[in-house]
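# Descriptive structure summary
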Amino acid sequence: QRAPGAAPPSPLCPPVGGGAAAVGPHPWAPAFAPGHLRDVGATPAGSEAAGEPGQEEEAEDRLKEHMDNLLDKSAKTRQAALQSLRLAFSSKTLSEFLLERRLMLTDSLEKCLKKGKGEEQALAGTVLTLLCLQMGSGPEGEEVFRSLKPLLVSVLTDSMASPGARQSCATALGMCCYIAAADLEDLVSCLSCLEGIFSPPSAGEGGSAPTQHGPLHCSALQSWSLLLTICPPSHIKSVLDNRWLKLPPLLSSSSVALRILAGETIALVFELAQDVEEDLCHQDTEFLRAQLKVLATESNKYRAKTDRRKQRSIFRDILRFIESGEYQEETIRFGLECMYLDSWARQRTYQAFKEVLGSGIRHHLQNNELLREIFGLGPPLVLDAAALKASKVSRFEKHLYNSAAFKARTKARSRVRDKRADVL
């Protein structure tokens, strides 16, 4: 635990910069700081090493077959093809393969979104997000986003569409805009559309939090807060003037996920206010802090025990940041590298990509040039056999490391428990 500008607790994986402006490849976003990277016995080089030629051709043939199946008359076949493409796109980097097939795939996904129902639309939205992620922030990614943005907005705002499809489109709209939008107008229109989902007129200042379709509101709020991290200072100031007051009512939601997400978004707003040197001292700020203190100490029995524990932990971090500016830093390790999440902006960005990529997030952090640019990790690393062998740790060394970590964790927790006992 440390303030964003303090020295790291360990010499391992030293950070090189950070803060709310440290993520995002967008021309109108604030200036970026370098990322957080540690390189162990590796040398920067080109792209991900290719596998065996025969296996690669076989995998490409399967992908082509799945793409052809997107136009099948059977909805079951189309859903199976979408599921296979989702798994492939999230676990591998396929930008070169998809580059010449992106138009055909975009047309097929458009048909799935228009004519499909429920699960098929939801899967199509997810595959579209992954396609945009594979294409990157260049003209190809922008072309994919611009061609399907109106359809995503249409499904998202259609109250008759299935909640799953609307939720997927909310995520796709936010992620694709974050990755590929080149105009500020696109960014502002997406923010407005998403805000209308999680904060309709009846849920404004002093209103009640929405209770239906909790996952949809979570996806819309997550996408909105993700786009907030790349807004220019002028738009951030307009959000700070009045729109952020729509967030506190969400803290009363019956959904623990929405309460936590609203709290994290409020912390992000306070962080962005510091970056643009705006003061959020407001007559409602004291009431907000009182709300956060209640959520950080809540022990109501009608809430699930795991929900209460998770909520208390996160809201303690949120309250600490708002009161003292301290952020609970997190270290993400992937392969022989690691990076720090030392701000709410970096954490929101990482969580958004992790939700879309699932277990493939580590592979993409290692090999996807877009993600490495967003988090400032530099070009992908190519490891030779000697470096890989040197990096392997024996079972006995792992056992010693885990034992030492367990003892240190036990001591730290004991100190915290002692302090709580003194307070009580």
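To start, this report covers the structure provided alongside it. Since the structure is predicted, the reported quantities are computational estimates derived from the model, not experimental observations. (Residues numbered from 1 in each chain as written. Predicted model: local features only at pLDDT ≥ 70, side-chain atom pairs only at ≥ 80, totals over all residues. Heavy atoms only, no water.)

This part takes up empty space enclosed by the protein. Under the definition given, this model contains one cavity of 30 Å³ or more. By volume, the largest cavity amounts to about 70 Å³. In terms of lining residues, the largest cavity is bounded by Thr171, Met175, Ser219, Gln222, Ser223, Leu226, Ala352 and Glu355. Element by element, the count of residues in the lining of the largest cavity is highest for helix α9 (residues 214–228), at four residues. Across the lining of the largest cavity, the residue classes break down as three nonpolar, four polar and one charged. (1 Å grid on protein atoms, 1.4 Å probe; cavity = no way out; pocket = protein on both sides within 12 Å on 5 of 7 lines; lining within 4 Å. Points joined across faces, edges and corners; volume = space filled by probe spheres on them. Helix = DSSP H or I, 4+ residues; strand = E, 2+ residues; numbered from the N terminus. Nonpolar A, V, L, I, M, F, W, Y, C, P; charged D, E, K, R; others polar.)

Moving on, we get to the pairing of strand β2 (residues 330–334). Pairing of β2 with strand β3 (residues 337–341), which is carried by five bridges, proceeds in the antiparallel orientation. For Ile332, the partnering residue across the bridge sits in β3 and is Met339. The antiparallel hairpin formed by β2 and β3 contains two residues in its connecting segment, where Gly335 sits at a positive phi of about 60°. (Pairing = 2+ DSSP bridges.)

Position of Thr129 relative to the elements: it lies in helix α5 (residues 119–135). In this structure the side chain of Thr129 is engaged in a polar contact, spanning 3.0 Å, whose partner is the backbone oxygen of Gly125. Leave out the neighbours within four places in its chain, and Thr129 touches Thr171, Ala172, Met175, Cys176 and Val356. (Polar contact = N/O pair within 3.5 Å; in protein donor to acceptor, adjacent residues only side chain to side chain. Contact = heavy atoms within 4.5 Å.)

Now for the packing of aromatic side chains. Aromatic rings in a pair are described by how distant their centres are and how their planes are angled relative to each other. A full pass over the atoms with the stated rule returns four aromatic pairs. Between the aromatic rings of Tyr178 and Phe353, the centroid separation amounts to 6.1 Å while the plane-to-plane angle is 75°, which identifies the pairing as edge-to-face. Taken as a pair, Tyr178 in helix α7 (residues 163–180) and Phe353 in helix α14 (residues 344–357) lie far apart in primary sequence, 175 residues in all. The class of Tyr178 is buried, set by a relative accessible area of 0%. Between the aromatic rings of Tyr327 and Trp344, the centroid separation amounts to 5.0 Å while the plane-to-plane angle is 85°, which identifies the pairing as edge-to-face. Placement of the pair is Tyr327 in the loop between α13 (305–324) and β2 and Trp344 in helix α14, with a sequence separation of 17 residues. Each member of the pair, Tyr327 together with Trp344, is buried. One aromatic cluster in this structure is built from Phe321, Tyr327 and Trp344. (Phe/Tyr/Trp six-rings, centres within 6.5 Å; stacked < 30°, edge-to-face > 60°. Buried < 20%, exposed > 50% of the residue type's maximum accessible area, 1.4 Å probe, protein only.)

To continue, consider the environment of Leu245. When you line up the elements, Leu245 lands in the loop between α10 (233–241) and α11 (256–275). Classification of Leu245 by relative accessible area gives buried; the value is 11%. Separated by 40 residues in sequence, Leu245 and Thr285 place their C-alpha atoms 9.5 Å apart.

Time to look at the nonpolar core. Counting 111 residues, the largest nonpolar core has Phe89 and Leu365 as the members making the most contacts within it. Ranked by residues supplied to this core, first place goes to α11 with 12 residues. Excluding residues within four positions of it along the chain, Leu365 makes contact with Ile332, Phe334, Met339, Tyr350, Leu371, Arg372, Phe375 and Leu377. (Core = buried A, V, L, I, M, F, W, Y, C linked by side-chain atoms within 4.5 Å.)

This is a description of form; function is not addressed.
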